[in-house]
Amino acid sequence: MDKLKILFKIVISLVFMGIVLSKINFEALGKDLSHANILLIIVSFILFCLTMIVMVQRWNFLIGIFHNKIPFMDLVSVYWIGLFFSLFLPSAIGGDAVKMYKLSKHHGNPIEVSTSVLMDRIVGLTSLSILSFFSMLIFWNSFDFNIAGKIIGTVAFSLLGFYLLIFNIKFVRRI
């Protein structure tokens, strides 16, 4: 059964790779890559990988609240699988669902795993909002407030309202 399952995964992967590769204009890609700065591509890739490691470590911290036995490399693997599915499924939530499924399948309680994934999203959104707010302050003179300022303000106030509701002990007890 395991060999059949692995064969099925390989076939599905090859089909998806074939679909993606059939959509690529290799002549245009080669032309674009010939003008690219290879050093910047390498540095970007390294920074991307380091960012993923930091994000996995953040998730590891959050899941450690519930569960201390999950090996770090298992989390790295699940995080990359979730990232892959986030790129190809209609929404980023699809990758989160895959992370929840994969981790709860191998490491236990789906509620704990789901909570850690949700909290990871909330912490990430909060961090991004804080960075956006400070960037807006730093680049005040060159910032276009028509669209981005409204989005940043809306997200920041929504998060503030969310935190006020969550950390209101009386409200939480009623729920």
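1. A word on the overall build of the protein
(1) Moving on: Assigned secondary structure in the protein consists of eight helices and zero strands.
(2) Moving on: Written out in order from the N terminus, the α and β elements of the protein read α-α-α-α-α-α-α-α.
(3) Moving on: If one aligns the C-alpha atoms of the protein with their principal axes, the spans along those axes are about 55 × 50 × 25 Å.
(4) Moving on: In the protein, buried positions account for 18% of the 175 residues.
(5) Moving on: Taken as a whole, the protein presents about 13400 Å² of accessible surface, with 74% of it coming from carbon and sulfur.
(6) Moving on: Charge-centre separation for the protein: the mean point of 15 positive side chains lies 9 Å from the mean point of 8 negative side chains.

2. Quick notes on the pattern of salt bridges
Pairs can form between side chains of opposite charge once their charged atoms are near each other.
(1) Moving on: The final tally for this structure, using the stated rule, is three salt bridges.
(2) Moving on: Residue Asp96 is joined to Lys99 by a salt bridge in which the shortest nitrogen-to-oxygen separation is 3.6 Å. Of this pair, Asp96 and Lys99 both sit in helix α5 (residues 92-107), three residues apart, which is roughly one turn of that helix.
(3) Moving on: In this structure, Arg121 and Asp96 form a salt bridge, with 2.6 Å as the shortest nitrogen-oxygen distance. Residue Arg121 is found in helix α6 (residues 110-138), and its partner Asp96 is found in helix α5; the two are separated by 25 residues along the sequence.
(4) Moving on: By relative accessible area, which is 7% here, Asp96 ends up buried.
(5) Moving on: Linked through salt bridges whose partners overlap, the residues forming this network are Asp96, Lys99 and Arg121.

3. Describing the environment of Met136
(1) Moving on: For Met136, the location among the structural elements is in helix α6.
(2) Moving on: A sequence separation of 13 residues divides Met136 from Gly149, and the C-alpha atoms of the two residues are 7.8 Å apart.

4. A look at the packing of helix α3 (residues 38-64) against helix α4 (residues 72-88)
(1) Moving on: Two elements in contact, α3 and α4, have axes whose closest approach is 10 Å; the angle formed by their N-to-C orientations is 115°. Taken as a pair, α3 and α4 cross one another with a handedness that is right-handed. Packed against α3, whose contacting residues are Phe48, Cys49, Met52, Ile53, Met55, Val56, Gln57, Arg58, Trp59, Asn60 and Ile63, the element α4 presents Phe72, Leu75, Val76, Val78, Tyr79, Trp80 and Leu83 at the interface.
(2) Moving on: Looking at the contact of α3 with α4 residue by residue, the classes come out as 15 nonpolar, two polar and one charged.

5. Here we look at α3
(1) Moving on: Look at α3: 39 Å from first C-alpha to last across 27 residues, which is about the 39 Å you get at 1.5 Å a residue.
(2) Moving on: Residues Met52, Val56, Trp59, Leu62 and Ile63 constitute the buried set of α3.
(3) Moving on: Where α3 starts, the residue carrying a side-chain oxygen 3.1 Å from the main-chain nitrogen of Leu39 turns out to be Asn37.

6. Concerning the confidence of the model for the protein
(1) Moving on: This prediction gives the protein a mean pLDDT of 82; 94% of its residues lie at or above 70.
(2) Moving on: Per-residue pLDDT, averaged within each element of the protein, yields its smallest value for helix α8 (residues 169-174) (70) and its largest for α3 (91).

7. Structural notes on the side chain of Ser116
(1) Moving on: Relative to the helices and strands, Ser116 is located in helix α6.
(2) Moving on: Polar contacts involving the side chain of Ser116 include one to the side chain of Trp59, which spans 3.1 Å.
(3) Moving on: Discounting chain neighbours no more than four positions away, the residues touching Ser116 are Trp59, Leu62, Ile63 and Phe66.

About the thresholds
- Residues numbered from 1 in each chain as written.
- Predicted model: local features only at pLDDT ≥ 70, side-chain atom pairs only at ≥ 80, totals over all residues.
- Heavy atoms only, no water.
- Helix = DSSP H or I, 4+ residues; strand = E, 2+ residues; numbered from the N terminus.
- Buried < 20%, exposed > 50% of the residue type's maximum accessible area, 1.4 Å probe, protein only.
- Areas by Shrake-Rupley, 256 points an atom, 1.4 Å probe, with all protein chains shown as cover.
- Lys, Arg positive; Asp, Glu negative; His and termini not counted.
- Charge placed at Lys NZ, Arg CZ, Asp CG, Glu CD.
- Salt bridge = Lys/Arg side-chain N within 4 Å of Asp/Glu carboxyl O.
- Axes fitted to C-alpha atoms, helices over the stretch in contact; angles between N-to-C directions.
- Left-handed = near helix turned anticlockwise from the far one by under 90°.
- Contact = heavy atoms within 4.5 Å.
- Nonpolar A, V, L, I, M, F, W, Y, C, P; charged D, E, K, R; others polar.
- Expected span 1.5 Å × (residues − 1).
- Polar contact = N/O pair within 3.5 Å; in protein donor to acceptor, adjacent residues only side chain to side chain.
- pLDDT = per-residue confidence, 0-100.

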